Amino acid sequence: MVLSMIFETFPVGPLQCNCTILGDEQAREAIEIDPGDDVSRIHKRLTERGLTLKQILVTHGHIDHVGGALGLKRLTGAPIYLNENDLPQLQMMEEQAAWVGVSTPETAPPDGGLVDGQMVGLENYSAKVLHTPGHTQGSICLHFVPLKLLIAGDTLFAGSIGRTDLPGGNYGQIMDSLHSRLLALPDETNVIPGHGPVTSIGEERRSNPFLTGL
Ligand SMILES: [Zn+2]
């Protein structure tokens, strides 16, 4: 059987968080990663393609990544997964909304956690959870090993790394996560960061000033 994957990444909300829909064309099932905002747009893409949403996976508890999760759950019935170390971020949603200058989205405790080494996703397109604290304590990346793809949240960007000056941030910790977990991946691993353009582990290993020490 030839597998056929549906893959769409587009920026949502005022902070332009990259949200991703990954679907299995045959099974008509999908997962959604980081539905930070624009829930109706995400939902429309799913229904247009006739996809049933199975999981809502959130890389960390910042408003621009998790803000639309509960709304999307209400429209689709899909469970929300978030690393439990970011539960304090959900309690701070009002402060987070004030930082961004938006109204406070309703949130709820996740239906499940995302722990290091856990496998999530679809049967044919599964991802391994890498716990990569530093940007927040509950930041995770999703490694789709056969796809050679990493969804990096706000841990790694093209030419930059996640900020560590917000509550729960820790510079030493994000550097450790980057070096011990992400740079351990093969160069050909494509990276979809939480914001901005796509990159690869090899490209960042060569040229990211935070990782080369230049
Ligand atoms: Zn963030």
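Below is a short write-up of the structure. (Residues numbered from 1 in each chain as written. Predicted model: local features only at pLDDT ≥ 70, side-chain atom pairs only at ≥ 80, totals over all residues. Heavy atoms only, no water.)

A separate point is the coordination of the zinc ion. The zinc ion binds to the protein through His 60 (NE2), His 62 (ND1), His 135 (NE2) and Asp 154 (OD); the donor distances cover 2.1 to 2.3 Å. In this structure, the zinc ion is surrounded by four donor atoms whose angles at the metal cover 88 to 165°, and the resulting shape is irregular. The class of His 60 is buried, set by a relative accessible area of 0%. Of the residues examined, His 62 reaches a relative accessible area of 5% and is grouped as buried. (Donors = N, O, S within 2.8 Å, 3.2 Å for Na, K, Ca; no water. Tetrahedral: all angles 85-135°; square planar, octahedral: opposite > 155°, others 65-115°. Buried < 20%, exposed > 50% of the residue type's maximum accessible area, 1.4 Å probe, protein only.)

The final tally for this structure, using the stated rule, is 12 salt bridges. Its salt-bridge partner being Glu 8, residue Arg 49 comes within 2.9 Å of it at the nearest N-O pair. Of this pair, Arg 49 sits in the loop between helix H1 (39-48) and strand E4 (52-57) while Glu 8 sits in strand E1 (residues 5-12), and the two are 41 residues apart along the sequence. Residue classification places Glu 8 among the buried residues on the basis of a relative accessible area of 14%. (Salt bridge = Lys/Arg side-chain N within 4 Å of Asp/Glu carboxyl O. Helix = DSSP H or I, 4+ residues; strand = E, 2+ residues; numbered from the N terminus.)

Let us look at the nonpolar core. Ile 21, Ile 42, Leu 46, Leu 53, Ile 56, Val 58 and Leu 72 are the most contacted members of the largest nonpolar core, which totals 24 residues. Contributing elements (two or more residues each) for this core: E1, strand E2 (17-24), H1, E4, helix H2 (63-66), helix H3 (69-76) and helix H5 (93-100). When sequence neighbours within four positions are dropped, the list of residues in contact with Leu 72 reads Glu 32, Pro 35, Val 39, Ile 42, His 43, Leu 46, Leu 53, Ile 56 and Gly 77. The next biggest cluster of nonpolar side chains, apart from the first, holds 16 residues, and it includes Ile 33, Leu 122, Tyr 125 and Ile 140. (Core = buried A, V, L, I, M, F, W, Y, C linked by side-chain atoms within 4.5 Å. Contact = heavy atoms within 4.5 Å.)

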